[in-house]
Amino acid sequence: MEEENLNDSTEAELALRANRAKIRYVNTYRLESRKKFRDCLVRDKAQAILMNKLQQAKYDGISSPSLCASVSEEILKAVKELDFDRYKYVVSVLIVEKAGQAMNVASRWVWDAQRDSWVSAKFESETFIALALIMACYYD
Amino acid sequence: QPSFVVDEVSSIIKEAIESAMGGNAYQHSKVNQWTTSVVEQTLSQLTKLGKPFKYIVTCVIMQKNGAGLHTASSCFWDNSSDGACTVRWENKTMYCIVSAFGLAI
């Protein structure tokens, strides 16, 4: 019984190691992306998505969280469809109810200034303000 | 293969918020300074960790007024090496939400 258990555990360990083994890629010697990130395209797309989805919406404590999440997923999907080469994306969407309060949003990053960039899009309606931040980081 | 350690990052963020805004009440004139200092302190501590990561830190400070605030983020990255951490903090007069994203190089 003990021998069997030992065999099982070593087999499991080998399988785990194989899964974790780093995949090695052949060098491409390419330091830049083939299709670079274009701010203007992404900004227009993001603005259009915000307009489409949020024009009819009114701020509502119950439906807004899911609306926020779905907008962020749609923007991510659209940016992926634009198919820029070798980029990782982070999309952040904020929806704030308008109630006469003040709000401040600040962002800083540590990244490659020549290859990474960001885009922001804003949408305002009577009851709320929506802000979308899209950050693209080069990854090879 | 380095990975993003959420607990470490969240404690760094909490420290930065406490030191920048600890016992203060919301003051319109100081908010800019607070957001800048929270974000800069978080970033400098994160880079001191010395890991091969690119970091993005976003801070939202909002006055308490009964208004609602929702944030959502979706990311396209490598799940095994990249991660995100969000910290919510509040006091009697304001809310502060800090999100830190780490992407492996």
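Here the residue numbering is sequential within each chain, running from 1 through the sequence in written order. Numbering of ligands from 1 and lettering of chains from A proceed in the order in which they are written. Whole-chain, interface and lining totals are the exception, using all residues; otherwise, since this is a predicted model, local features are given only for residues with pLDDT of at least 70 and side-chain atom pairs are given and counted only at 80 or more. Side-chain descriptors were evaluated using all non-hydrogen atoms of the structure, hydrogens and water having been removed beforehand.

1. Topic: the overall build of chain A
Reasoning step 1: On a plain count of helices and strands, chain A comes out with three helices and four strands.
Reasoning step 2: Only runs of H or I of at least four residues qualify as helices and only runs of E of at least two qualify as strands under DSSP, and these elements are numbered from the N terminus. In chain A, the succession of helices and strands from N to C terminus is α-α-α-β-β-β-β.
Reasoning step 3: Residues counted as buried form 37% of the 140 residues belonging to chain A.
Reasoning step 4: In chain A, of all internal contacts separated by at least 6 residues, the share reaching a separation of at least 24 is 72%. The buried label goes to any residue with under 20% of its type's maximum accessible area, the exposed label to any with over 50%, and the partly exposed label to all in between, with areas taken from a 1.4 Å probe on protein chains only. The contact criterion used is simple: two residues touch if any of their non-hydrogen atoms lie within 4.5 Å.

2. As for the packing of aromatic side chains
Reasoning step 1: Centres within 6.5 Å make a pair out of two Phe, Tyr or Trp rings, where for Trp the six-membered ring is used; the pair is then stacked when the planes are under 30 degrees apart, edge-to-face when over 60, and tilted otherwise. Per the counting criterion, the structure on display carries eleven aromatic pairs over all chains.
Reasoning step 2: When the centroid spacing of 5.8 Å and the interplanar angle of 20° are considered together, the rings of Tyr89(A) and Phe76(B) count as stacked. Here Tyr89(A), found in strand E1 (residues 87-97), pairs with Phe76(B), found in strand E2 (residues 69-76), and the two come from separate chains.
Reasoning step 3: Taking the relative accessible area as the measure of exposure, Tyr89(A) reaches 2% and is therefore buried.
Reasoning step 4: The interplanar angle of 25° and the centroid separation of 6.1 Å between the aromatic rings of Phe53(B) and Tyr55(B) together place this pair among those described as stacked.
Reasoning step 5: Among the aromatic residues, those joined into a ring-pair cluster are Phe37(A), Phe84(A), Tyr87(A), Tyr89(A), Tyr138(A) and Phe76(B).
Reasoning step 6: Counting as a charge over the ring demands two things of the Lys NZ or Arg CZ atom: a distance within 6 Å of the ring centre and an angle within 35 degrees of the ring normal. Above the ring of Tyr139(A), the side-chain terminus of Lys88(A) is found at 3.9 Å from the ring centroid.
Reasoning step 7: When the ring centre of Tyr138(A) is taken as origin, the NZ or CZ atom of Arg115(A), which lies over that ring, is 5.8 Å away.

3. As for the nonpolar core
Residues and elements named next belong to chain A.
Reasoning step 1: Residue types Ala, Val, Leu, Ile, Met, Phe, Trp, Tyr and Cys, when buried and joined through side-chain atoms within 4.5 Å, form a set referred to as a nonpolar core. Membership of the largest hydrophobic core comes to 32 residues, with the highest contact counts inside it found for Leu 54 and Ile 75.
Reasoning step 2: Contributing elements (two or more residues each) for this core: helix H2 (39-54), helix H3 (64-81), E1, strand E3 (117-124) and strand E4 (128-138).
Reasoning step 3: Broken down by element, this core gets its largest block of residues, seven residues, from H3.

4. Quick word on the confidence of the model for chain B
Reasoning step 1: For chain B, per-residue confidence averages 88 on the pLDDT scale, and 100% of positions sit at 70 or higher.
Reasoning step 2: Overall fold confidence for the complex sits at a pTM of 0.79, while the interface term, ipTM, reaches 0.80. pLDDT measures the predictor's confidence residue by residue and takes values from 0 up to 100.

5. Concerning the sheet that holds E4(A)
Reasoning step 1: Pairing within the open sheet is antiparallel, and its four strands lie in the order E3(A)-E4(A)-E1(A)-E2(B). Unpaired on one side and paired on the other, E3 of chain A together with E2 of chain B mark the two borders of the sheet. Each strand of the sheet is rotated relative to its neighbour by a mean of 10°, with strand direction disregarded.
Reasoning step 2: Sheet topology places E1(A) next to E2(B); eight bridges connect them, and they run antiparallel. Here a strand pair is declared whenever DSSP counts at least two bridges between the two strands. To obtain each axis, a line is fitted to C-alpha atoms, and for helices this fit is confined to the stretch in contact; angles are then taken between N-to-C directions over 0 to 180 degrees.

6. Structural notes on the pattern of salt bridges
Pairing between side chains becomes possible if they bear opposite charge and their charged atoms approach one another.
Residues and elements named next belong to chain A.
Reasoning step 1: Definition used for salt bridges: Asp or Glu carboxyl oxygen within 4 Å of a side-chain nitrogen of Lys or Arg. Taken as a whole and assessed by the stated rule, the structure comprises twelve salt bridges over all chains.
Reasoning step 2: Salt-bridge contacts for Lys 98 lead to Glu 124; the nearest nitrogen and oxygen are separated by 2.9 Å. Remark: Glu 124 occurs in strand E3 and Lys 98 occurs in the loop between E1 and strand E2 (103-110); sequence separation between them is 26 residues.
Reasoning step 3: We classify Glu 124 as partly exposed; its relative accessible area is 44%.
Reasoning step 4: Across the pair Arg 115 and Asp 112 runs a salt bridge, and its minimum N-O distance is 2.8 Å.
Reasoning step 5: Because the salt bridges share partners, they merge into one network encompassing Glu 32, Lys 36, Asp 112 and Arg 115.

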